[in-house]
Amino acid sequence: MEEAENVSAKSSQAADTAPAPTNTRNTGAGRLLIAVYAIFALSATARAGYQILTKFSEAPLAYLLSAFAAVVYVVATVSLAKPGRTAFKVSVVAVLVELVGVLVVGALSVFDAVNFPHETVWSLFGRGYGFIPLLLPILGLIWLYRRRPTASN
């Protein structure tokens, strides 16, 4: 009986000292991904702010889409860096919205150039940014899939 109590006490101590599951989305290559998202958040915010303040009347749709892209990049950056299931879900939604945005705005800017007289971050599938806006959400979704939370964390 005494041995059973000792074993039970040892197992509860081991459970108390076991390390909590950690967020692996912001380690290794995830840090690089977050850094790229942060750079895009800053550049898209600066570009949209400048465009809206100085020449909004020239291409309001394009400039509002630039501002929307900036918000998406900010949300993706913050949620990728934060631990937890909720942050993971927000990351997935933000990256999916980004992918849809790049595809829709990219296609519209090719087929409806009248409404896109000036480029946005997502115009022509991100051509002005070396097509990184098109590749980034694909890489982000792959990273999120590989780092998705398990039942234990």
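Residues numbered from 1 in each chain as written. Predicted model: local features only at pLDDT ≥ 70, side-chain atom pairs only at ≥ 80, totals over all residues. Heavy atoms only, no water.

Go over the side chain of Thr-120, please, and point to the residues and values.
Relative to the assigned elements, Thr-120 resides in the loop between helix H4 (85–111) and helix H5 (132–146). Note on Thr-120: relative accessible area 2%, which makes it buried. Polar contacts involving the side chain of Thr-120 include one to the main-chain amide nitrogen of Trp-122, which spans 3.1 Å. In this structure, Thr-120 is in contact with Arg-47, Ala-62, Leu-65, Ser-66 and Val-105, ignoring residues within four places of it in sequence. (Helix = DSSP H or I, 4+ residues; strand = E, 2+ residues; numbered from the N terminus. Buried < 20%, exposed > 50% of the residue type's maximum accessible area, 1.4 Å probe, protein only. Polar contact = N/O pair within 3.5 Å; in protein donor to acceptor, adjacent residues only side chain to side chain. Contact = heavy atoms within 4.5 Å.)

How would you summarise the layout of surface pockets if you had to cite specific residues and measurements?
Taken as a whole, the largest pocket spans an internal volume of roughly 210 Å³. Along the walls of the largest pocket sit Ala-29, Leu-32, Leu-33, Val-36, Ile-132, Leu-135, Leu-136, Leu-139 and Trp-143, which together make up its complete lining. Partitioned by chemical class, the residues of the lining of the largest pocket number 9 nonpolar, no polar and no charged. (1 Å grid on protein atoms, 1.4 Å probe; cavity = no way out; pocket = protein on both sides within 12 Å on 5 of 7 lines; lining within 4 Å. Points joined across faces, edges and corners; volume = space filled by probe spheres on them. Nonpolar A, V, L, I, M, F, W, Y, C, P; charged D, E, K, R; others polar.)

Pulling in residues and values, what's your account of a nonpolar patch on the surface?
Among the surface-exposed residues, Leu-135, Ile-138, Leu-139 and Ile-142 lie close enough to one another that they form a single nonpolar patch of about 350 Å² accessible area. Checked against the element boundaries, Leu-139 lands in helix H5. (Patch = residues over 30% accessible without salt bridge, like charges linked within 9 Å, V, L, I, M, F, W, Y side chains within 5 Å. Areas by Shrake-Rupley, 256 points an atom, 1.4 Å probe, with all protein chains shown as cover. Salt bridge = Lys/Arg side-chain N within 4 Å of Asp/Glu carboxyl O.)

So what's going on with the pattern of salt bridges? Which residues, and what values?
The final tally for this structure, using the stated rule, is 1 salt bridge. In this structure, Glu-119 engages Arg-127 in a salt bridge whose closest nitrogen and oxygen atoms are separated by 3.4 Å. Among the residues examined, Glu-119 registers a relative accessible area of 28% and is labelled partly exposed.

Kindly report on H5, identifying the contributing residues and their values.
Since one α-helical turn is 3.6 residues long, residues separated by three or four positions face the same way. Taking 1.5 Å of rise per residue, 15 residues should cover 21 Å, and H5 covers 21 Å from first to last C-alpha, within 8% of that figure. When H5 is considered as a whole, its buried residues turn out to be Pro-133, Leu-136, Pro-137, Gly-140, Trp-143 and Leu-144. Burial along H5 is one-sided: seen end-on, the buried residues are contained in an arc of 125 degrees. Opposite its buried face, H5 presents the exposed residues Tyr-145 and Arg-146, each directed more than 90 degrees away. (Expected span 1.5 Å × (residues − 1). Arc of directions from axis to C-beta.)

Which residues make up the packing of helix H2 (residues 29–55) against H5, and what values do they have?
In helix packing, the relevant descriptors are the interaxial angle and the interaxial distance, both defined with respect to the helix axes. Here H2 crosses H5 at 145 degrees, and the two axes come no closer than 11 Å. Classified by chirality, the crossing of H5 by H2 is left-handed. Touching Ala-29, Gly-30, Leu-33, Val-36, Tyr-37 and Phe-40 of H2 are Ile-132, Pro-133, Leu-136, Pro-137, Gly-140 and Trp-143, all from H5. Of the residues contributing to the contact of H2 with H5, the split by class is 10 nonpolar, 2 polar and no charged. (Axes fitted to C-alpha atoms, helices over the stretch in contact; angles between N-to-C directions. Left-handed = near helix turned anticlockwise from the far one by under 90°.)

Give me the lowdown on unusual backbone geometry, citing residues and values where you can.
Of note, Phe-125 is a non-glycine position whose phi angle comes to about 60 degrees, a positive value. Relative to the assigned elements, Phe-125 resides in the loop between H4 and H5. Residue classification places Phe-125 among the partly exposed positions, given a relative accessible area of 25%. A positive phi angle, close to 65 degrees, is found at Phe-131, a residue other than glycine. Within the secondary structure layout, Phe-131 lies in the loop between H4 and H5. For Phe-131, a relative accessible area of 38% puts it in the partly exposed group.

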